[in-house]
Amino acid sequence: MAVQRENLKMVGKLCVIALGMFAFGYALVPIYRHICEALGINVLAVSELRVPGAASLPANTQVDRTRTITVEFDTNARGPWYFKPAVRSLQVHPGELTTVMYEFQNIQNRTMAAQAVPSYAPKQAAAHFNKLECFCFTQYTLQAGEKKEWPVAFVIDPRLSKDVSTITLSYTFFEVGGKVPAAPTDDAPQAQSPATLKPTGDV
């Protein structure tokens, strides 16, 4: 009987521990949310951006509404691509979550794998241009004539130098046949402007 009582006590303790672990795991998400809110971080994961539609996110208390930065979007296509941003420039506040869509089309008559590499001007802006979601994170395969739209969701760090009022975000989109080339430099020759490319259809 004593052994049975000890076994029952042990089972009871194990049940309490299991319930405690379950409750702690369940409480982690709201605890993490409160920590993020206290620190001024409003996005727990990229999936919560619900891109497009980022306007539904809570207001970021770290947004500097006294300052406006013009972000210009430039594109280069190395190869038979139609590649352009939905808008050429936007005015944003530091700390403000912004989403821009980019349009792609493989205008070659064969399947191609490609990747985009970003560069920034001025160079000092690179450390303060935080991309939360970007097509440049991944290589993509597009079928012949296939069209795609992908987002770039970003936040400019309010600690960016006050001297910077304009940032140019430039993407080079190229075919990937093996190793991904290094990011283009400011001295690199510019590829043909995507505005001169003729897509096979409306994008």
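Residues numbered from 1 in each chain as written. Predicted model: local features only at pLDDT ≥ 70, side-chain atom pairs only at ≥ 80, totals over all residues. Heavy atoms only, no water.

Caption draft 1: Layout of the pattern of salt bridges. A full pass over the atoms with the stated rule returns 5 salt bridges. Arg110 serves as the salt-bridge partner of Glu175, at 3.1 Å between the closest nitrogen and oxygen. Linking Glu175 in strand β9 (residues 166–175) with Arg110 in the loop between β4 (98–106) and β5 (112–121), this pair joins segments that are 65 residues apart in sequence. Since its relative accessible area comes to 36%, Arg110 is described here as partly exposed. Lys148 is the partner of Glu146 in a salt bridge, and the nearest nitrogen-oxygen pair spans 3.4 Å. The class for Glu146 is partly exposed, based on a relative accessible area of 22%. (Salt bridge = Lys/Arg side-chain N within 4 Å of Asp/Glu carboxyl O. Helix = DSSP H or I, 4+ residues; strand = E, 2+ residues; numbered from the N terminus. Buried < 20%, exposed > 50% of the residue type's maximum accessible area, 1.4 Å probe, protein only.)

Caption draft 2: Examining the sheet that holds strand β1 (residues 69–78) more closely. Ordered in space as β3-β1-β9-β5-β7, the 5 strands form an open sheet in which the pairing is mixed. Each edge of the sheet is formed by a strand with only one pairing partner; in this case those strands are β3 (89–92) and β7 (140–142). Here the strands of the sheet are splayed against their neighbours by 30° on average, with no regard to which way each runs. In terms of strand pairing, β1 meets β3 through 4 bridges, oriented antiparallel. Following the sheet pairing, Glu72 is matched in β3 by Ser89. (Pairing = 2+ DSSP bridges. Axes fitted to C-alpha atoms, helices over the stretch in contact; angles between N-to-C directions.)

Caption draft 3: Local environment of the sheet that holds strand β6 (residues 129–134). Judged by pairing direction, the sheet is antiparallel, and its 4 strands sit side by side in the order β2-β4-β8-β6 without closing on themselves. Of all strands in the sheet, those with a lone pairing partner are β2 (81–85) and β6, marking the two edges. Strand-to-strand twist in this sheet, taken as the mean axis angle between neighbours without regard to direction, amounts to 25°. The sheet contact formed by β2 and β4 spans 5 bridges and is antiparallel. Bridge assignment links Trp81 to a residue of β4, and that residue is Asn106.

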